Amino acid sequence: MAVLDSKVPKGPLAEKWSKHKNDIRLVNPANKRNIDVIVVGTGLAGASASATLAELGYNVKTFCYQDSPRRAHSIAAQGGVNAAKNYQGDGDSVYRLFYDTIKGGDYRSREANVHRLAEVSTNIIDQCVAQGVPFAREYGGLLDNRSFGGVQVSRTFYAKGQTGQQLLLGAYSAMNRQIQRGKIKSYTRHEMMDLVLVDGKARGIIARNLVTGEIERHGAHAVVLATGGYGNVFFLSTYCMGANVMAAWRAHRRGALFANPCFTQIHPTCIPVSGDHQSKLTLMSESLRNDGRIWVPKKLEDAQAIREGKLKPTQIAEEDRDYYLERRYPAFGNLVPRDVASRAAKERCDAGYGVNKTGEAVYLDFDSAIMRYGREKANTMGLKDADDKTVRELGEKIVEAKYGNLFQMYEKIVDENPYKTPMKIYPAVHYAMGGLWVDYNLMTTIPGCYAAGEANFSDHGANRLGASALMQGLADGYFVLPYTIGDYLAEDIQTGAIDTNSAAFDEAEKAVKEKLERLMKGSGHHSVDYYHKKLGKIMWNKCGMSRNAKELQEAIEEIAALRKDFYENVRVTGSADSKNQELEKAGRVADFLELGELFALDALKRNESCGGHFREEYQTEDGEALRDDENFRYVAAWEYKGEPKDAVLHKEELEYENIELKTRSYK
Ligand SMILES: Cc1cc2nc3c(=O)[nH]c(=O)nc-3n(C[C@H](O)[C@H](O)[C@H](O)COP(=O)(O)OP(=O)(O)OC[C@H]3O[C@@H](n4cnc5c(N)ncnc54)[C@H](O)[C@@H]3O)c2cc1C
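Thresholds applied
- Each chain has its residues counted from 1, following the order in which its sequence is written.
- In view of the model being predicted, local features appear only for residues whose pLDDT reaches at least 70, and side-chain atom pairs are presented and counted only at 80 or more, with totals across whole chains, interfaces and linings using the full set of residues.
- Excluding hydrogens and water, the side-chain values take into account all heavy atoms of the structure.
- Elements are defined by DSSP. Helices are runs of H or I of four residues or more, strands are runs of E of two residues or more, and each kind is numbered from the N terminus.
- Our radius of gyration is a C-alpha quantity, and the globule rule it is checked against amounts to 2.2 Å times the number of residues to the power 0.38.
- Whether a residue is buried, partly exposed or exposed follows from its accessible area with a 1.4 Å probe, protein chains only, as a fraction of its type maximum: under 20%, in between, or over 50%, in that order.
- Only heavy atoms matter for contacts: two residues are in contact if any of them lie within 4.5 Å across the pair.
- Residue-level accessible areas treat just the shown protein chains as cover; the underlying method is Shrake-Rupley with a 1.4 Å probe.
- Residues counted as positive are Lys and Arg, residues counted as negative are Asp and Glu, and His and the chain ends are not counted.
- Throughout, a charge is located at the NZ atom of Lys, the CZ atom of Arg, the CG atom of Asp or the CD atom of Glu.
- Here a residue counts as near a molecule or strand whenever at least one of its heavy atoms sits within 4 Å of it.
- Polar contacts, as counted here, are pairs of nitrogen or oxygen atoms within 3.5 Å of one another; within protein the pair requires one atom able to donate a hydrogen and one able to accept it, and residues that are adjacent in sequence qualify only if both atoms are side-chain atoms.
- The classification used treats Ala, Val, Leu, Ile, Met, Phe, Trp, Tyr, Cys and Pro as nonpolar, Asp, Glu, Lys and Arg as charged, and all other residues, Gly among them, as polar.
- The pairing test for Phe, Tyr and Trp rings, Trp by its six-membered ring, is centres within 6.5 Å, and the orientation test on the planes gives stacked under 30 degrees, edge-to-face over 60, and tilted for anything in between.
- Should DSSP find at least two bridges between two strands, the strands are taken to pair.
- Look down the strands so they point away from you; if the path from the first strand over the helix to the second goes clockwise, the crossover is right-handed.
- Only C-alpha atoms enter the line fits that serve as axes; for helices the fit covers just the stretch in contact. Angles between N-to-C directions range over 0 to 180 degrees.
- What makes a salt bridge here is a side-chain nitrogen of Lys or Arg within 4 Å of a carboxyl oxygen of Asp or Glu, nothing more.
- By arc we mean the arc of the directions from the helix axis to the C-beta atoms, nothing more.
- When an angle is under 35 degrees it counts as roughly parallel; over 145 it counts as roughly antiparallel; between 65 and 115 it counts as roughly perpendicular; any other value is oblique.

Enquirer: Would you explain the overall build of the chain in this entry?
Expert: In terms of regular secondary structure, the chain is built from 18 helices and 19 strands. The C-alpha radius of gyration computed for the chain amounts to 25 Å, which stays within 12% of the reference 26 Å derived for 667 residues, consistent with globular compactness. The principal-axis extents of the C-alpha atoms in the chain amount to approximately 80 × 55 × 50 Å. With 667 residues in all, the chain has 61% of them scored as buried. Taking contacts inside the chain between residues at least 6 apart in sequence as the whole, the part at least 24 apart equals 74%. Of the roughly 25700 Å² of accessible surface on the chain, 48% is carried by carbon and sulfur atoms. Here the chain carries 89 positive and 91 negative side-chain charges, and the mean point of each set is 3 Å from the other.

Enquirer: Just checking my understanding: could you explain the site of the ligand for this structure?
Expert: Gln66, Ser74, Gly79, Met192 and Glu454 are the nearest of the 37 residues found near the ligand. With respect to the ligand, the backbone of Leu44 contributes an N or O atom lying 3.1 Å from an oxygen atom. Measuring from an oxygen atom of the ligand, one finds a backbone N or O atom of Tyr65 at 3.2 Å. Starting from 1000 Å² of accessible surface for the ligand in isolation, the protein chains cover 97%. No other element matches the three residues that strand β6 (residues 190–198) contributes to the shell around the ligand. Here the shell around the ligand is composed, by residue class, of 17 nonpolar, 17 polar and three charged.

Enquirer: What should I look at first to understand the packing of aromatic side chains in this one?
Expert: Pairs of aromatic rings are described using the distance from one ring centre to the other and the angle between the two planes. Counted under the stated rule, the structure contains 24 aromatic pairs. Measuring from centroid to centroid gives 6.1 Å for Trp17 and Tyr440, while their planes differ by 75°, and the two rings are edge-to-face. Of the two residues, Trp17 is situated in helix α1 (residues 16–23) and Tyr440 in the loop between β16 (435–436) and β17 (449–451); the sequence distance between them amounts to 423 residues. In this pair, the class of Trp17 matches that of Tyr440, namely buried. Ring geometry for Phe366 against Tyr403: centres 6.2 Å apart, planes inclined by 55°, an arrangement best described as tilted.

Enquirer: I'm lost on the environment of Lys19 in this one. Help?
Expert: One can find Lys19 in helix α1. In sequence terms Lys19 and Pro9 are 10 residues apart; their C-alpha atoms lie 8.0 Å from each other.

Enquirer: I would appreciate a short explanation of the environment of Val129 in the present structure.
Expert: If you trace the backbone, Val129 turns up in helix α5 (residues 111–131). Apart from residues lying up to four places away in sequence, Val129 is in contact with Phe135, Arg137 and Leu143.

Enquirer: Can you help me understand the pairing of strand β2 (residues 59–63) in this one?
Expert: Two faces belong to every sheet, and in a regular strand the side chains alternate between them. Looking at chain direction, strand β1 (residues 36–40) and β2 are connected through five bridges and run parallel. Bridging from a neighbouring strand, Ile38 pairs with Lys61 of β2. Once the chain exits β1 it traverses helix α3 (residues 44–56) before rejoining the sheet at β2, and the crossover so formed is right-handed. As defined by bridge partners, β2 adjoins strand β5 (residues 184–187) across four bridges and the pair is classed as parallel.

Enquirer: So what exactly am I meant to see when it comes to unusual backbone geometry here?
Expert: What you tend to see is this: most non-glycine residues have negative phi, and most peptide bonds are trans. Look at Asp199: it is not a glycine, yet its phi comes out positive at around 50°. Tracing the backbone through its elements, the reader meets Asp199 in the loop between β6 and β7 (201–209). The backbone phi angle of Ser458 is positive, close to 65°, even though this residue is not glycine. One can find Ser458 in the loop between β17 and α13 (469–489).

Enquirer: Sorry, what's going on with the sheet that holds β1 here?
Expert: For sheets, the rule is that strands pair by backbone hydrogen bonds, running either parallel or antiparallel. Pairing is parallel across the open sheet formed by five strands, whose spatial order is β5-β2-β1-β9-β17. The sheet terminates laterally at β5 and β17, the two strands that pair on one side only. Adjacent strand axes in the sheet meet at a mean angle of 20°, parallel and antiparallel pairs treated alike.

Enquirer: Looking at this structure, how should I read the side chain of Arg338?
Expert: As for its position among the elements, Arg338 is in helix α10 (residues 338–353). Residue classification places Arg338 among the buried residues on the basis of a relative accessible area of 4%. Engagement of the side chain of Arg338 in a polar contact is seen with the side chain of Glu286, the distance being 2.4 Å. Not counting residues within four places of it along the chain, the set of residues in contact with Arg338 comprises Phe148, Gln265, Ile266, His267, Pro268, Glu286, Arg289, His430, Asn463, Arg464, Gly466 and Ala467.

Enquirer: Quick question: what am I supposed to make of the pattern of salt bridges here?
Expert: Should their charged atoms come close, side chains of opposite charge can pair. Within the structure shown, the criterion is met by 64 salt bridges. A salt bridge links Arg588 to Glu191; its shortest N-O distance comes to 2.9 Å. Of this pair, Arg588 sits in helix α17 (residues 581–605) while Glu191 sits in strand β6, placing them 397 residues apart in sequence. Side by side, Arg588 and Glu191 carry an identical accessibility label, which is buried. Arg664 is the partner of Asp339 in a salt bridge, and the nearest nitrogen-oxygen pair spans 2.4 Å. Of this pair, Asp339 sits in helix α10 while Arg664 sits in the segment after β19 (648–653); the two residues are 325 residues apart in sequence, bridging distant segments of the chain.

Enquirer: I would appreciate a short explanation of the sheet that holds strand β13 (residues 321–322) in the present structure.
Expert: What the five strands build is an open sheet, ordered β11-β15-β14-β12-β13; its pairing is antiparallel. Looking at strand neighbours, the two that pair on one side only are β11 (264–270) and β13, the edges of this open sheet. Relative to strand β14 (residues 362–365), strand β12 (residues 293–297) is paired through three bridges, and the arrangement is antiparallel. From the neighbouring strand, Arg293 faces β14, where its bridge partner is Asp365.

Enquirer: So what exactly am I meant to see when it comes to helix α8 (residues 300–307) here?
Expert: Counting along an α-helix, one turn takes 3.6 residues, and residues three or four places apart therefore face a common direction. Taken as a whole, α8 has its buried residues at Asp302, Ala303, Ala305 and Ile306. Buried residues in α8, looked at end-on, bunch into an arc of 160°, giving them a common side. For α8, the secondary structure elements touched by its buried residues are β12, α10 and β14. Where α8 ends, the next residue or the one after it, Gly309, has phi of about 80°, a positive value.

Enquirer: Help me out: how do you make sense of the pairing of strand β9 (residues 222–225) in this one?
Expert: By the alternation rule, side chains of β9 split into Ala222 and Val224 and Val223 and Leu225, which are all buried. Here β1 runs beside β9; their pairing, made up of four bridges, is parallel. Its bridge partner lying in β9, Val40 is registered against Leu225. Taken together, the three bridges between β9 and β17 define a ladder with parallel strand orientation. Note on β17: the bridge partner recorded for Leu225 is Ala451.

Enquirer: What exactly am I supposed to notice about the packing of α8 against α10 here?
Expert: The relative placement of two packed helices is expressed as an angle between their axes plus a distance between the axes. Axis separation between α8 and α10 bottoms out at 10 Å; the angle between their running directions is 85°. As far as their axial angle goes, α10 and α8 are roughly perpendicular. Of α10, the residues touching α8 (which contributes Leu300, Ala303 and Arg307) are Ala351, Gly352 and Tyr353. Looking at the contact of α8 with α10 residue by residue, the classes come out as four nonpolar, one polar and one charged.

Okay, structure coming up:
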């Protein structure tokens, strides 16, 4: 088994990044003009990387499958972005952000990367403020903060419940400046179908123009994949409908190792599944847990009466409510990390306390926050004797100012007023901690192929803390990759433009065309969605919030059989040489059908529980995840060998030199 070289620089933790930047090679401005970089993906990671690389002087080509970079999945991000600014004076520091992230990820991330992330987090806020991102401000005009799960400070910067949208508008403006200068060529409605390697180096991509169906060749000296996460392997998730694994999976098939595929995040506060005809789940931001209290009835008969529509939550007396997170985790309460909160919700619902018709929902209740804020407001207005009705009205206004758009979204979908009755929520698939394995420079195991943002296996270990995906994507794009890529490109200053009329491009284009033909050839018995839904059910039932060896083994066999059936019987209408959204979907599902199997294999081989990976066989007496640091303190990086079941496991052992490995406790 090969040992992976993470290329983490030597020296004290807090000096590694500065020292590395001083040591690596540079490309001078005149030479940058002769170097081309492809950036696939224009979400926050890709937009920030491409704008910065173009600003530096490289010639950049960007690709996305949407009709505008502005429509990337990043736009959905609601709650905020973390940074160790310590504006609140509540004890935050670079070290604490580093520590919280390592502990939050259940000690399965790389120390040096996480420390760098915490260091550059503060620059992100300055950069975005300079771009005009309208972060929320306090009364006095200073930037405001709130808290997210797994931490005891307020370090999250936000723009109401639309932080991703505002950040993406900032990054997209920076991109547009470069598009106008001619330094970025933006290819929208283009899907990367394959990575092209010349002499073992990434030298370009094969893309399909999704409007005309044309297959195109694009050459470059390096390729950055910023193509997001693969959570849609579960079919139902909070991801945008188009989110997929195609680019990362194509790179994997060409030799990039795929790391920790079984580390996915199930977010505790989503609108519960309502029926079989649903194709999308909606997140209710974690920021709501700053003020919302999570509970279920204490008595089984109350829960049953609620499910039967005979009782309303507002009729349940305070002493008959079980605020189970506050009860089990007094130190962090409702702001425990997502994996912990999700499992606790599942445990209560499995025990029969669920509060909707399916029995899979718990309450997120704002009543006490409304009254608390209302009372404060009444006091500041000099209304010391205000009655409850007045206090409630004042409180609702404050809650509306903080979370108004999220409440509105909830009411539109569920048709219940969350100011008057608690929201119903349940865990749903939300984020992928796994992804392409990268070294300290964000390079995959293919020279010249980089991965940034959610597409890489990231800094979040086995569980990502809230508001840290935006931080990582923007850190990668604005502050890490623009330095590290130069070290590699310094070798290419005399290479000249990459010729796309080579045997390597011929072979890759041929492989893409053959794949499309194969997808068109199914017998036509079942739609693409039929297979995607079936895959999602296997994933959710056997590889979801809790897993065991028997069901994982079954999942591996069932997914392999489903994949075979897919190629034989899928129905893709239209043709391959024109706009064809069914074909786009089929290509994405085909890759999910391979990834899903590797996912189950990875979960099967990790005989421990950590973060979002909960193996039923490995738990403490009170149902918490039981790590095995002696045998599993590694990143599992898989090498493609044809069928997913034949993939070869490589390990990157994780060294903890600066943090003591402890049982992760939020009590
Ligand atoms: C509802 C919701 C709320 C969230 N809230 C927060 C939050 O408050 N804070 C936080 O930190 N995180 C949050 N997250 C997570 C965060 O939004 C994502 O992890 C992050 O935005 C991912 O950014 P990215 O740039 O890596 O990828 P994405 O934004 O997913 O972008 C992927 C890009 O790749 C392109 N692409 C993909 N495949 C191909 C291909 N084959 N060819 C061409 N282009 C391709 C797409 O077109 C797109 O441009 C939230 C997520 C959701 C769903």
